[in-house]
Amino acid sequence: MDGTFPRAVLLSAVLLGACPGAALPLLPLLLLLLRRRAAAFYSGDYADVVRYMEGALGSYRDARRTRVRCRLRCQDQHPWDGAFSDLRFFDAVLRRAACMDTCIEEELGAQSVHKVSEDVLQDFHRRIPYNYLQLAYQKLKQPEKAAAAAHTYFQANPEHVEMGQNLEQYKDLQGVKEDHFVDREARPHQRSFTAAVRLYDSGDFEGAIALFEEALVEYYKADVECRALCQGPQKFEGHDHLRYRYSLHELISDHFTQVLHCEHECVRDLATRPGRLSPMENYLPLHYDYLQFAYFQGKLKGMQCALAYLLFHEGEEFMTENVDYYREVLGHDGKPREVRICSGDVGWEGAEGLKSWREKKDVSVEGCTVDYTSYCILDKSSLTTMTDSLKCCPVICAGGPLVYDSVQLVQNSAALNGTQRVLLDHVISEDECAELRHLAHAVTMAGDGYRGKMSPHTPNEKFEGATVLKALQYGYEGRVPMKSARLFYNISERARHITESYFLLNSTLHFSYTHLVCRTAITGQQDHRNDLSHPIHADNCLLDPEANECWKEPPAYTYRDYSALLYLNGDFEGGEFIFTEMDAKTMTASVKPKCGRMVGFSSGGENPHGVKAITRGQRCAVALWFTLDPLFRELERLQADEVIQSLDTQSVWGQGLNINPKDEL
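Residues numbered from 1 in each chain as written. Predicted model: local features only at pLDDT ≥ 70, side-chain atom pairs only at ≥ 80, totals over all residues. Heavy atoms only, no water.

For the protein chain, an unreviewed UniProt entry supplies the name procollagen-proline 3-dioxygenase and the organism Scophthalmus maximus. The UniProt entry for the protein chain carries this comment under Sequence similarities (unreviewed entry): "Belongs to the leprecan family." (UniProt positions renumbered as here; feature names shortened; annotations may be inferred.)

(A) Quick look at the sheet that holds strand 15 (residues 577–580). Spatially, the four strands line up as an open sheet ordered 10-18-15-16, and their pairing is antiparallel. Taken across any chain shown, the strands that pair with only one partner, and hence form the sheet edges, are strand 10 (534–537) and strand 16 (587–591). With strand direction ignored, the average angle separating the axes of adjacent strands in the sheet is 20°. Two strands pair when backbone bridges link them, and strand 10 and strand 18 (residues 609–611) are joined in this way by two bridges, in the antiparallel orientation. Note on strand 18: the bridge partner recorded for His537 is His609. (Pairing = 2+ DSSP bridges. Helix = DSSP H or I, 4+ residues; strand = E, 2+ residues; numbered from the N terminus. Axes fitted to C-alpha atoms, helices over the stretch in contact; angles between N-to-C directions.)

(B) Focus on the sheet that holds strand 13 (residues 562–567). Spatial strand order, 5-6-17-13-20-9-8-7: eight strands in an open sheet with antiparallel pairing. In this open sheet, the two strands that pair with only one neighbour each are strand 5 (408–411) and strand 7 (445–446). For strand 9 (residues 510–521) and strand 20 (residues 618–627), the ladder comprises 10 bridges, and the chain directions are antiparallel. Bridging from a neighbouring strand, His515 pairs with Ala623 of strand 20. Docked against the sheet, helix 16 (residues 430–443) engages strand 7, strand 8 (461–466), strand 9, strand 13 and strand 20, running at close to 80° with respect to strand 9. (Contact = heavy atoms within 4.5 Å.)

(C) The arrangement of the environment of Val50 in detail. Its location among the elements puts Val50 in helix 3 (residues 46–77). Once the C-alpha coordinates of Val50 and Tyr130 are considered, the two residues, 80 residues apart in sequence, prove to be 9.7 Å apart. Setting aside its immediate chain neighbours within four residues, Val50 contacts Leu133, Ala136, Tyr137 and Leu140.

Now the structure itself:
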């Protein structure tokens, strides 16, 4: 895509020194403005930084709108002829090109002087200007605008630690309100969809319908614009046309192949939130799924939405059965709905037999926790008690044997208000806790597992850790009793067996990572703390509270399936383990650590969790992450297995083994 920017919006450095009535020259204004922004920033002229950056952002948006408008206008004026003969085709191509040149030059000036590099366009895509804006507004003592700029930047750069800290500081500033944290670059269709889902989940179906309808209109508008932008110049990576002397027809074929690829990617682009690599699953069809359920009382409109869903997923069993249900109730067939046609009253009453792709509840039936997920038939009782008529539901059970006689079930998923959760006591004894704490004091290293960062999660606590292999190495060197090192190995195996058995897994659970960890409150830094010991997160995906999603993509450990924490003590203040909703704010359960207590759970977005601040003392635990995929087994664990096998069979450390005592993950 080409990059052009309107001359009327930006003030170049030349114009800043000119008289107010001077005419606007045709200059590559964006690049010049960005250079001036940098000079103003480093000279401390923050008012100019704001002027330059806001102008550049407005220019970027105006240029995009102009390209879309001109391309759509020229396509309408010069359509491809039905006969598609060579002469008529090339006539349409040339006329479109001339039309585009004229249209853009009328609004922007000559295109050649407004070209910018791909790097500059990428900076705008990554919202880099907002990084400068938030600091400039902060220096100008305009915290509400700084908060908006910081929030906008952070949406596209969620891994930016410093900006995340800035946002927390803005929240504490007087005069800054929650509604100041707006995404200035939010895409209208995604903004409406997210707001609609929130209203739907809160039971405000009438409000949700209006926003879902708005989201659909905005989506199709954005789709047209995206496809129009694909009509511009294309990249031909791997094609050397000069060397191979491709024919004109081959060049045209290459171009339109790239255009088609670009248009196909629009579907993915429109479903992908800023800063994310993966699109929201089933994004566009999901609008119709929500609507068909919300419109259920107006059954005709519900059927139209259900039929629209089937346009995207032909033959989908659960929605096909919904359509059959509507036909039975109405006594006639219907047609897929068009955009903007649904209306009617909303309600759950009388929703017998209707299925939903999204419904997810946690139900306890005969001691088995059932994950009430997609493709479940709902009836009136299920909408109130969620305990009856579990028909066609994929069942994820828990409640298997606890393997060891001493282990006691304290709370299951239902008691912990979630899915695939368990709380157990007496997994290890008081003596074993004491021995492991003594081992921790000898082998743990500050920042272990976090590239040596002593306080990776909060500056108010010190973090120390050690792996099983490191403990065995210390035992070999005589720095700790080998008995204690083997205890660490053995109790982690115990935790794995319990987790595998309780959650009734049909395949072997492998270690992904095992860590003996201690968190210690730093004296003198505990007054007025408002942070967490470990921020809310999920273990195998990137939690996105704004989108109510958890993105299973790097840098998340996407291969992790189950997690467990085995506590070694409770003689400290704070440090409770907490589960939350996907919003990372609403707490659903809290666990007070104590010796021998273990919390286990599945590692996905269904179980966001964190640790409250430790305000006094030291909290020690064995943290365990497991995977069902043997390809992602923990390397150090495999080495530790070899060590234990050698000790058991040969009673000789390292004989025939190649183990480096300094190995670390």
